[in-house]
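Listed here are the chains, written in short residue letters.
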Amino acid sequence: MIARMLRLGLGNVRRDLRAGELTLIMVAILTAVAALSAVSLFVDRAERALHAQGNALLAADLAVESANAIPETLAEAARGLGLDTARTLSMRSVIQSGERLQLTELKAVDERYPLRGNVSIADAPFDAAREVREVPAPGTLWADARLLQALKIDLGQTVTVGAVALRVDRVLVLEPDRGGDFFSIAPRAIMNLADVAATQLVMPGSRVNHRLLVAGDQKAIAALRGQWAHLNDRSLKVLDVGDARPELRTALERADLFLGMAALTAVIVAGVAIALAARRYAERHLDTAAVMRCLGATQATITGMLLIEMLVLASIASIAGVALGYIAQHVLAGTLSGFVGGALPSPSLAAVAGAMLIGFLVLVGFALTPILSLKNVPPLRVLRRDLAPVPVRSAIVYAVALLALLAVAPWQARDVALTLYLLGGCLLAIAALAIAAWLSVQALGRLRRHVGVSWRYGLASVARRARTSSVQIVALGLGIMAMLLITLVHGDLIAGWQGKIPPGAPNQFVINIPPAEVGPLRDFLAGHRLKTGGVFPMVRGRLTAINEQPVQPSDYEDPRARRLVDREFNLSWAGRMQPDNVVTAGRWWPETAGAAPQFSMESGIAETLGIGLGDTLTYDIAGETIRAPVTSLRDVQWDSFNVNFFVIAAPGLLEQMPATYITSFHLPAQERTALNELVRLFPSVTVIDVAAVMDQVRLIMDRVNLAVRFVFLFTLAAGALVLVAALQATQDERARESALLRSLGAARAIVTRSLLAEFIVIGLVAGVLAASAAGLTAWLLAGHVFHVTYRINLWLWPIGTLAGVLGVGAFGLAGLRGALAEPPASVLRRIA
Amino acid sequence: MVEAIDKPIILADALGKTVRSPSGDLTILDDISFLIHPSEAVAVVGVSGSGKSTLLSLLAGLDTPTRGRVLLDGVDLNSLDEDGRAALRARRVGFVFQNFQLLHSMTARENVMLPLELAGRADAAVQAEAILARVGLEERTDHYPNQLSGGEQQRVAIARAFVTRPRILFADEPTGNLDATSGALIADLLFSLREEAGTTLVLVTHDMKLATRCERRITLTAGRMLTSP
Ligand SMILES: Nc1ncnc2c1ncn2[C@@H]1O[C@H](COP(=O)(O)OP(=O)(O)OP(=O)(O)O)[C@@H](O)[C@H]1O
Ligand SMILES: [Mg+2]
């Protein structure tokens, strides 16, 4: 039984291949799998590269932190898996130079630090930075410009840290795991871990943060992460990249979204091509199936035979597709070199297997239903040609396809909202396209009384084949829509993203500006033609109670929460919300004066501290107690590099408190000397340079943009395939009709023109509808998924229409050129 | 032969077929009853639209009657589902059609091999070659249907019908698409092959000359039997 099906199935593959029946469906699968594997292999690599870049922000692939010393057993376990380890210890400590004292964020590191990323240093404050592969030698300290400035010392001088004296050796510019808050008040310094004991700063009960950093082979990291998930010690917290820098985390998340969208679009277009090819395959095999039924083949035999044929087909096409995809992503990977120190992680076997699996799933989802419906063909069809199998409802076909896509998509795009919006957009587009296509087909039928003979026949053809024409328009529309999405829309969305850091975006922050110096500093910046991003008040306060319950760092397990409670918050007040914030719960207060005392809190920090809407916060600000409820939670786009605050008060609550001011400005690279002048003229202010981090975010954006452009090529190929497949559906009929027309005496030019008229109409309708659908989807995606501003691109319509008309016209006529050149009799004989 | 007369190979019992059409129910066949004995050749004749093809499709189990029943080689077709009827066809029935119904993606040989393969026979290729030689197409075994003339295509179809040595052969106007000469050739071939194998033949035709070569005729007028056998 099985052997017989196998023989029949294989025989069918051979014969159908020979007869060219499988060419279209093969190429469709091949393109789909090639596109998918190129995309997912590349996305996989790019993602791992991006995350590697992200890991640099943790100075490790994985880390565990604790308020207590981390047991050596953990480090041994990691090394047992072949991983590298390093230890760091950070604390806030007073560093002294002569009379001057400065509270400093001090980090002690061992010789292996950092495991990922590099420490940047400079030889003088505000000099160009360079990366080094070393740490401060025992007995030395690397201090940032702010610390030097605060202590009024130069390199080479000695400072006191606890019980030891350390020589300040270098200017610390950036250490990879610098920590989240740019505006943390304290200057920073790093020293050697070996000196810590001598400082006598670490006592039982002193507030320190121990970290064990781990890096190495991915599998081992995953294994270790698994082990650490079950750590009993609640004081230990496992850190991933996400915990590192919020602005880069946001950028990475968005990068995932963009790549995911590109991949998903490719899947959809390829799926449509496969669905069309499968439909045609099924139609052309109706007679075969009927004759076989008549000759005694059972439904099981036919099903088995077709399944085997599809399986063989899918295997051949998938393997070829993956091979092609592999080559393609290899080329693509070239564009990424230099991204992470030149070495892009090699494609993972899992991604290769995943691509093949996706290929099969998409094939099953889009092709199996129409093809398997062949088994239902009534054998009576051999006597009555008009009998077709009970048609598989297109709705069922698409439901199955959708299920397959849903099975695939979250994994591809890794974002449920994106998947839902994109799929929802496509489904809506299908529905709208179907209705609109049907209506326009009807309307076009009316139009034909007013046009010449060629156009009349062309329009009549569109109307007569109303159902097929509608299906064609829907398929073409979906194809064009996907192409528009991946070109114009995607470009616009990425531009919107990149627009968040425009070339002149502030890359320097100035904090601790005394109220009296706000004016002079403004004048200074204006005098140097440095554009500021606004001046904001900043008040420091300690969170002392939530809902009248006193809070202590020890109330929290989470070290981040402990740190937040331990330190002073930077509070601000504002009437209007920053434009890049989004209220996620509650409401922002009315801008008009006289709002009740209330706070607005960033949603992430609220979650960390377990604060909800309506909770009353008590802050101690310079000895005074301020109490007010939280009336809104906000999402903050940290990757915008705007000045943002975790906690903002309504006007009226904080104005009496001692405030300093914060501003930001853009400093062109060639004017770095202005910084030295600024620091000299305004000795009390602190300058924070974020140009380096900003460059990292920009790099991520650029790479994503490049990658997406490449993916577009595959989507384009799949889109072209959709065109061919959609047109082939009616090609035989068109060829026969043209032959008939010609045998009735119509000149070839007239036949050609009428065909062209039909193609133009179909392309036009599909193009316009596709542009509208793409515009709507883009608008929804921009607002709800990507959170970027998007203005509907009016080019969608002309380009969509042009793509439709040119594409359908060119491919349609090319497909029929042979039939038009052939003598009518031979066409009729071949096709009848 | 004596035993066969006692046990008919085809029995039609009060067969009727009514279809729903936009203009109300349409009775295509009504109250058709007859017996056909093994190795008999029976012609079904009647004007166009009288229901000949419909009758054939009911007898062969390609379609189901709305009334009455068909016993094929002792098996009540009503008791079988679509797959059961297909299995029965695979073992006992062959077909020849007016429009040949060859599969266009298959060569002549592959077309003839198909029923053998469906029945799971191992020697399909050898048997197909042999019977193609018998119908005079040994030179054309690797040709595709569209490379063959109508008469040649019908010869391939006849070879395909006989290759499984079916007990019953249904033929629906096998010469209807052919000119007189090739029509006569096909008819000769059909009758001599059935003679050799002792196959029961049910032949639908409106060619009276062909009908007279059968031992018996069933005449249909507007879906009813004129002559009782
Ligand atoms: N499923 C159906 N629905 C509607 N009408 C049908 C159906 N099947 C058959 N008919 C009609 O029943 C009548 C008999 O059809 P049938 O094909 O059996 O005739 P026939 O005797 O074989 O004719 P011909 O010699 O032209 O082949 C015809 O009028 C036909 O149109
Ligand atoms: Mg007929």
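Residues numbered from 1 in each chain as written. Chains lettered and ligands numbered in written order. Predicted model: local features only at pLDDT ≥ 70, side-chain atom pairs only at ≥ 80, totals over all residues. Heavy atoms only, no water.

1. Quick word on the site of ligand 1
- In the vicinity of ligand 1 there are 14 residues, among which Ser48(B), Gly49(B), Lys52(B), Ser53(B) and Thr54(B) approach most closely.
- Each of chains A and B places residues next to ligand 1.
- At a separation of 2.5 Å, an oxygen atom of ligand 1 approaches a polar side-chain atom of Ser48(B).
- One of the side-chain N or O atoms of Lys52(B) is found 2.8 Å from an oxygen atom in ligand 1.
- Summarising the interface, the protein chains cover 66% of the accessible area of ligand 1, which totals 640 Å² for the free molecule.
- Of all the secondary structure elements, the ones that give two or more residues to the shell around ligand 1 are β2 (24-36) and α2 (52-59) of chain B. (Near = heavy atom within 4 Å. Polar contact = N/O pair within 3.5 Å; in protein donor to acceptor, adjacent residues only side chain to side chain. Areas by Shrake-Rupley, 256 points an atom, 1.4 Å probe, with all protein chains shown as cover. Helix = DSSP H or I, 4+ residues; strand = E, 2+ residues; numbered from the N terminus.)

2. So, the packing of helix α1 (residues 2-18) of chain A against helix α4 (residues 108-118) of chain B
- Interaxial distance between α1(A) and α4(B) falls to 10 Å at its minimum, and their mutual angle equals 160 degrees. As judged from the angle between their axes, α1(A) and α4(B) are roughly antiparallel. Considering the relative orientation of α1(A) and α4(B), their crossing is left-handed. Of α4(B), the residues touching α1(A) (which contributes Arg4(A), Leu8(A), Arg14(A), Arg15(A) and Arg18(A)) are Glu110(B), Leu114(B), Glu117(B) and Leu118(B).
- The residue makeup of the contact of α1(A) with α4(B), split by class, is three nonpolar, no polar and six charged. (Axes fitted to C-alpha atoms, helices over the stretch in contact; angles between N-to-C directions. Parallel < 35°, antiparallel > 145°, perpendicular 65-115°, else oblique. Left-handed = near helix turned anticlockwise from the far one by under 90°. Contact = heavy atoms within 4.5 Å. Nonpolar A, V, L, I, M, F, W, Y, C, P; charged D, E, K, R; others polar.)

3. Thoughts on the packing of helix α15 (residues 518-527) of chain A against helix α18 (residues 673-681) of chain A
Residues and elements named next belong to chain A.
- α18 packs onto α15 with a crossing angle of 160 degrees between their chain directions and a minimal axis gap of 12 Å. As the angle between them shows, α15 and α18 are arranged roughly antiparallel. Like other packed secondary-structure pairs, α15 and α18 cross with a definite hand, here right-handed. Of the residues in α18, those in contact with Leu521, Phe524 and Leu525 of α15 are Ala674, Glu677, Leu678 and Leu681.
- Looking at the contact of α15 with α18 residue by residue, the classes come out as six nonpolar, no polar and one charged.

4. Comments concerning unusual backbone geometry
Residue and element names in this part refer to chain A.
- For the peptide bond that leads from Tyr113 to Pro114, omega is -10 degrees, which places it in the cis range.
- Structurally, Pro114 can be placed in the loop between β3 (100-109) and β4 (119-122).
- Positive phi, close to 55 degrees, is recorded for Arg529, a residue that is not glycine.
- Mapped onto the elements of the fold, Arg529 is located in the loop between α15 and β13 (532-546).
- Assessed through its relative accessible area of 77%, Arg529 is described here as exposed. (Buried < 20%, exposed > 50% of the residue type's maximum accessible area, 1.4 Å probe, protein only.)

5. Considering the confidence of the model for chain B
- Chain-level pLDDT for chain B is 89 on average; 96% of the residues reach the 70-or-more range.
- Of all secondary-structure elements in chain B, the lowest mean pLDDT belongs to helix α1 (residues 2-6) of chain B, at 49, while strand β8 (residues 200-204) of chain B reaches the highest, 95. (pLDDT = per-residue confidence, 0-100.)

6. What about the nonpolar core?
- Ranked by internal contacts, the top residues of the largest apolar core, which has 179 residues, are Phe786(A), Ile10(B), Phe34(B), Leu59(B) and Phe170(B).
- Setting aside anything within four residues of it in sequence, one finds Phe170(B) in contact with Ile10(B), Leu56(B), Leu59(B), Ala60(B), Leu72(B), Val93(B), Gly94(B), Phe95(B), Val96(B) and Val202(B).
- Formed by 38 residues, the second largest nonpolar core is a distinct cluster that contains Leu148(B), Ala161(B), Ile186(B) and Ala187(B). (Core = buried A, V, L, I, M, F, W, Y, C linked by side-chain atoms within 4.5 Å.)

7. Describing helix α3 (residues 72-80) of chain A
Residues and elements named next belong to chain A.
- Turning to α3, its buried residues number three or more, namely Leu74, Ala75 and Ala78. Considered in projection along α3, the buried side chains sweep an arc of 95 degrees and stay on one side of the axis. Away from the buried face of α3 by more than 90 degrees, exposed residues Thr73 and Gly80 are located.
- Structurally, α3 contributes buried residues whose contacts are with β1 (62-66), β2 (84-97), β10 (208-215) and α6 (218-228). (Arc of directions from axis to C-beta.)

8. Describing the confidence of the model for chain A
- Predicted confidence across chain A gives a mean pLDDT of 79, with 87% of residues reaching 70 or more.
- Within chain A, the element-level pLDDT minimum falls on helix α11 (residues 394-413) of chain A, averaging 63, and the maximum on strand β6 (residues 140-144) of chain A, averaging 93.

9. Some thoughts on the interface of chain A and chain B
- Contacts between the two partners involve 28 residues from chain A and, on the opposite side, 31 residues from chain B.
- A combined buried area of about 2500 Å² lies between chain A and chain B, and 60% of that area is made up of carbon and sulfur atoms.
- It is Arg15(A), Leu295(A) and Leu383(A) in chain A that bury the most area against chain B; as a group they hold 24% of the surface buried on that side.
- The interface formed by chain A and chain B includes three salt bridges.
- For the pair chain A and chain B, the interface holds six residue pairs in polar contact (both at pLDDT 80 or more). (Buried area = accessible area lost by both parts, 1.4 Å probe. Salt bridge = Lys/Arg side-chain N within 4 Å of Asp/Glu carboxyl O.)

10. Topic: the environment of Leu114(B)
- Turning to its location among the elements, Leu114(B) is positioned in helix α4.
- A relative accessible area of 0% means that Leu114(B) is categorised as buried.
- C-alpha of Leu114(B) to C-alpha of Leu103(B): the two residues are eleven residues apart in sequence and 9.7 Å apart in space.
- Excluding residues that lie within four positions of it along the chain, Leu114(B) makes contacts with Leu8(A), Met292(A), Leu295(A), Leu103(B) and Met106(B).

11. Here we look at the sheet that holds strand β10 (residues 224-225) of chain B
Residues and elements named next belong to chain B.
- If you walk across this open sheet you meet the six strands as β6-β7-β8-β3-β9-β10, and the pairing is mixed. The open sheet has two edge strands, β6 (93-97) and β10, and neither has a second partner.
- Sheet topology places strand β3 (residues 41-46) next to β8; four bridges connect them, and they run parallel. What sits directly across from Ala41, in β8, is Leu201. (Pairing = 2+ DSSP bridges.)

12. Quick look at the pattern of salt bridges
- One pass over the full model with this rule turns up 33 salt bridges over all chains.
- A salt bridge links Arg14(A) to Glu110(B), with the nearest nitrogen and oxygen atoms 3.5 Å apart. Of this pair, Arg14(A) sits in helix α1 while Glu110(B) is found in helix α4, placing the two residues in two different chains.
- Classification of Glu110(B) as buried rests on a relative accessible area of 9%.
- A salt bridge links Arg224(B) to Asp30(B); its shortest N-O distance comes to 2.7 Å. With Arg224(B) in strand β10 and Asp30(B) in strand β2, the pair connects residues that are 194 residues apart, well separated along the chain.

13. Regarding the sheet that holds strand β4 (residues 67-72) of chain B
Residues and elements named next belong to chain B.
- Pairing is antiparallel across the open sheet formed by four strands, whose spatial order is β2-β1-β4-β5. Edge positions in the sheet fall to β2 and β5 (75-76), since each has one partner strand and no second.
- Examined bridge by bridge, strand β1 (residues 10-21) and β2 share nine bridges and lie antiparallel to one another. Counterpart to Thr18 in the pairing with β2 is Thr27.

14. With respect to the packing of aromatic side chains
All names here are of chain A.
- For the structure on display, the rule yields six aromatic pairs over all chains.
- Residues Phe599 and Tyr619 carry aromatic rings whose centres are separated by 5.5 Å and whose planes lie at 70 degrees to one another, so their mutual orientation is edge-to-face. Of this pair, Phe599 sits in strand β17 (residues 599-602) while Tyr619 sits in strand β18 (residues 616-621), and the two are 20 residues apart along the sequence.
- Taking relative accessible area as the criterion, Tyr619 reaches 0% and is therefore assigned buried. (Phe/Tyr/Trp six-rings, centres within 6.5 Å; stacked < 30°, edge-to-face > 60°.)

15. Quick look at the pairing of strand β7 (residues 158-161) of chain A
Residues and elements named next belong to chain A.
- With burial as the criterion, only one face of β7 is covered, namely that bearing Val159 and Val161; the residues Thr158 and Thr160 on the opposite face remain uncovered.
- The pairing of β2 with β7 spans two bridges and is antiparallel. Following the sheet pairing, Gln96 is matched in β7 by Thr160.
- Alignment of β7 against strand β8 (residues 164-174), held across four bridges, turns out to be antiparallel. Within the sheet, the bridge partner assigned to Thr158 lies in β8 and is Arg167.
- Here β7 hands over to β8 after two residues, with Gly162 in that stretch at a positive phi of 55 degrees.

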